[in-house]
Amino acid sequence: LVMRRAGDDAIKPSCRAVLDLADLEIRTGPDGKPIDPPDIRFEGGRWCLRRSASAVVLAGGASSRMGRDKALLELDGRSLIERHVFGLAPHFAEVLVSARAAGDYADLGVRVVADPVPGQGPMRGVATALSAARFDPVFITPCDQTVVPVDLAARLLRSLGDADAAVPRHPDGNVEPLLVVLRRRMAPRLEAFLDRGERRIVRPYAESVVRYVDLPAFEDVSNVNTQEEYAAVVRRRTAERLGNQRESGSD
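Worth saying up front: this structure is predicted, and the values here are computed from it rather than measured.

Peer 1: Explain the overall build of the chain here, please?
Peer 2: Each helix and strand counted, the chain has 7 helices and 12 strands in total. Taken over the C-alpha atoms alone, the chain extends approximately 60 × 60 × 40 Å along its principal axes. Split into buried and exposed, the 251 residues of the chain put 42% on the buried side. Nonlocal contacts in the chain, meaning residues at least 24 apart in sequence, comprise 63% of its contacts between residues at least 6 apart.

Encoded structure:
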């Protein structure tokens, strides 16, 4: 957080050097108190800044390679979709679920946005969710990510500026087209591509103003698509948990 006195545009060089890393700039009045206090809370063992933005969890896929609903796979005692919804909720003013039917995942207690035209892939879910979101910008994440990407979401939001989209990019140049921050104004553009039969969401990005955010090689943005991938993740997480327990016991 960066705190600045209202009406004072002077910035010290030491502050300017790190200004791009700030999640929020807070303006203070003559008494030193924030004019518009941010929504900051302590939840789940960490401080959370709830932003005036929406988050959408994509869960409308057929899970054909998995053979069962990926959103309901359990990891660390919770389903993947629960991990995402409850992990993102402290950080966003609104969390939506994009699903095949409005009745899906109703027990999560958040608004579910159904695909109006089935079988058009994730771009249809993204377009529909952008139109339904109450806040701008909108963070999009698939439900099958193995790590809830809270920190990545913060970096994307910080990088967006006045662009249409902020998109993660791997060191090899490949991008994560469905793990992004989008402006709501992208919805009509996506709809136009869908009407022309286009299903690849990277195509509208080519005609938009996009800020690419480089991912470090060690950042985990993996997802699970098959039973084998899911089993491997469970084994790895179990081994990590047991290792942490042994280290704690030796202290």
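Peer 1: Would you mind going over the packing of aromatic side chains with me for this structure?
Peer 2: How two aromatic rings sit relative to each other is given by the distance of their centres and the angle of their planes. Counting across every chain of the model gives 2 aromatic pairs. Taking 5.2 Å as the distance between ring centres and 65° as the angle between the ring planes, the aromatic pair formed by Phe42 and Trp47 counts as edge-to-face. Between the aromatic rings of Phe92 and Phe139, the centroid separation amounts to 5.9 Å while the plane-to-plane angle is 10°, which identifies the pairing as stacked. Placement of the pair is Phe92 in strand 7 (residues 92-99) and Phe139 in strand 9 (residues 138-142), with a sequence separation of 47 residues. The class for Phe92 is buried, based on a relative accessible area of 3%. The buried category is assigned to Phe139, whose relative accessible area is 0%. Cation over ring: Arg196 sits above Phe193, and NZ or CZ is 4.4 Å from the ring centre.

Peer 1: Explanation requested: the environment of Val113 in the structure shown.
Peer 2: For Val113, the location among the structural elements is in strand 8 (residues 111-114). For the pair Val113 and Glu229, spaced 116 residues apart in sequence, the C-alpha to C-alpha distance is 28 Å. The contacts of Val113, once residues within four sequence positions are left out, are Leu96, Val97, Ser98, Ala99, Thr128, Ala129 and Ala132.

Peer 1: Just to check I follow, could you spell out the environment of Leu1 for this structure?
Peer 2: Relative to the helices and strands, Leu1 is located in the segment before strand 1 (2-5). Considering only alpha carbons, one finds Leu1 and Ile26, 25 residues apart in sequence, at a separation of 7.1 Å. Leave out the neighbours within four places in its chain, and Leu1 touches Leu24, Ile26, Ile40 and Leu49.

Peer 1: How do you make sense of a nonpolar patch on the surface when you look at a structure like this?
Peer 2: Side chains of Leu1, Leu24, Ile40, Phe42 and Trp47 sit close together on the surface and give an oily, nonpolar patch of about 540 Å² of accessible area. With respect to the helices and strands, the residue Trp47 is situated in strand 4 (residues 46-58). The exposure class of Trp47 is exposed, given its relative accessible area of 63%.

Peer 1: For this particular structure, what's the right way to read the side chain of Asp164?
Peer 2: Examined against the element boundaries, Asp164 turns out to sit in the loop between helix 4 (150-160) and strand 10 (165-169). Classification of Asp164 as buried rests on a relative accessible area of 8%. A distance of 2.7 Å separates a polar atom in the side chain of Asp164 from a polar atom in the side chain of Arg185.

Peer 1: Which parts of the structure should I look at to understand the environment of Leu21?
Peer 2: Mapped onto the secondary structure, Leu21 falls in the loop between helix 1 (13-16) and strand 2 (25-28). Residues Leu21 and Leu1, 20 residues apart in the sequence, show an inter-C-alpha distance of 8.9 Å.

Peer 1: Can you help me understand the confidence of the model for the chain in this one?
Peer 2: If pLDDT is low for a region, its predicted coordinates should not be looked at in detail. Per-chain confidence: the chain averages 89 in pLDDT, with 98% of residues scoring 70 or above. Here helix 7 (residues 227-250) stands out as the least confident element of the chain, with mean pLDDT 80; strand 11 (residues 180-182) is the most confident, with 98.

Peer 1: I keep staring at the side chain of Asp144 and nothing clicks. Help me out?
Peer 2: With respect to the helices, strands and loops of the structure, Asp144 is situated in the loop between strand 9 and helix 4. For Asp144, a relative accessible area of 5% corresponds to the buried category. Not counting residues up to four positions away in its chain, the partners in contact with Asp144 are Lys70, Leu80, Ser222, Asn223, Val224 and Asn225.

Peer 1: Is there a simple way to think about the nonpolar core in this case?
Peer 2: Among soluble globular proteins, nonpolar side chains are generally buried collectively. Counting 31 residues, the largest nonpolar core has Ile81, Leu88, Phe92, Val97, Tyr105 and Phe139 as the members making the most contacts within it. Those elements that place two or more of their residues in this core are strand 4, helix 2 (80-88), strand 7 and helix 4. The dominant element in this core, judged by the number of residues it contributes, is helix 4, at 6 residues. Non-local contacts of Val97, meaning those with residues more than four positions away in its chain, are made with Val57, Ala59, Ile81, Val85, Tyr105, Leu108, Val110, Arg111, Val112 and Val113. Counting residues in each nonpolar core, the second largest holds 24 residues, with Val113, Val126, Ala127 and Phe193 among its members.

Scoring rules and cut-offs
- Residues numbered from 1 in each chain as written.
- Predicted model: local features only at pLDDT ≥ 70, side-chain atom pairs only at ≥ 80, totals over all residues.
- Heavy atoms only, no water.
- Helix = DSSP H or I, 4+ residues; strand = E, 2+ residues; numbered from the N terminus.
- Buried < 20%, exposed > 50% of the residue type's maximum accessible area, 1.4 Å probe, protein only.
- Contact = heavy atoms within 4.5 Å.
- Phe/Tyr/Trp six-rings, centres within 6.5 Å; stacked < 30°, edge-to-face > 60°.
- Lys NZ or Arg CZ within 6 Å of the ring centre and 35° of its normal.
- Patch = residues over 30% accessible without salt bridge, like charges linked within 9 Å, V, L, I, M, F, W, Y side chains within 5 Å.
- Areas by Shrake-Rupley, 256 points an atom, 1.4 Å probe, with all protein chains shown as cover.
- Salt bridge = Lys/Arg side-chain N within 4 Å of Asp/Glu carboxyl O.
- Polar contact = N/O pair within 3.5 Å; in protein donor to acceptor, adjacent residues only side chain to side chain.
- pLDDT = per-residue confidence, 0-100.
- Core = buried A, V, L, I, M, F, W, Y, C linked by side-chain atoms within 4.5 Å.

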